[in-house]
Amino acid sequence: MNAPYPPPPPPPAAGRDRTTLWGVLGIIFGLLCCGILGIVFGYLSIRDAKRFGKSPLLGWLAIAFGVINLIASAIVRARGSYYYPYWYR
């Protein structure tokens, strides 16, 4: 009377999983130089994380750091102190 259990689902497709690569690149670019690249790499990391069933945390961190970089650079440029740090004034 008891039906057998269904077979387990197939493993995710192997090969092109670059979730961690996109996340780490996004965090590095988001923190150091280009906020826009951080956001783009963060999006790619989240997309791959959904595709391969991994955690999207690195992608969200990359997006957050990219946005913070964009806001901070806009504030620095608006203050007019982009070329000279505050200790030179």
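Small disclaimer: the values here were computed from a predicted structure and weren't measured.

## Quick notes on the UniProt feature "transmembrane region" (unreviewed entry) in the protein
Within this structure's numbering, the places UniProt gives as "transmembrane region" (unreviewed entry) are residues 20-45 and 57-76. With 92% helix and 0% strand, residues 20-45 has its two end C-alpha atoms placed 7 Å apart. As a span, residues 57-76 carries 100% helix and 0% strand, and end to end its C-alpha atoms are 28 Å apart.

## With respect to the environment of R47
Mapped onto the secondary structure, R47 falls in helix 2 (residues 35-52). Its relative accessible area of 34% is what places R47 among the partly exposed residues. R47 sits 25 residues away from W22 along the chain, and the two C-alpha atoms are 9.8 Å apart.

## A short note on the packing of aromatic side chains
For the structure shown, the criterion picks out two aromatic pairs. An angle of 10° between the planes, with centres 5.6 Å apart, marks the rings of W22 and F41 as stacked. Of this pair, W22 sits in helix 1 (residues 19-32) while F41 sits in helix 2, placing them 19 residues apart in sequence. Here W22 falls in the buried class, since its relative accessible area comes to 17%. Through pairs of rings, three or more aromatic residues link up here, namely W22, F29 and F41.

## Here's the deal with the pattern of salt bridges
A full pass over the atoms with the stated rule returns three salt bridges. We note a salt bridge from D48 to R47, for which the minimum N-O separation is 3.6 Å. Judged by its relative accessible area of 3%, D48 falls in the buried class. In this structure, D48 engages R51 in a salt bridge whose closest nitrogen and oxygen atoms are separated by 3.8 Å. Placement of the pair is D48 and R51 together in helix 2, with a separation of three residues, close to one helical turn.

Criteria and cut-off values
Residues numbered from 1 in each chain as written. Predicted model: local features only at pLDDT ≥ 70, side-chain atom pairs only at ≥ 80, totals over all residues. Heavy atoms only, no water. UniProt positions renumbered as here; feature names shortened; annotations may be inferred. Helix = DSSP H or I, 4+ residues; strand = E, 2+ residues; numbered from the N terminus. Buried < 20%, exposed > 50% of the residue type's maximum accessible area, 1.4 Å probe, protein only. Phe/Tyr/Trp six-rings, centres within 6.5 Å; stacked < 30°, edge-to-face > 60°. Salt bridge = Lys/Arg side-chain N within 4 Å of Asp/Glu carboxyl O.

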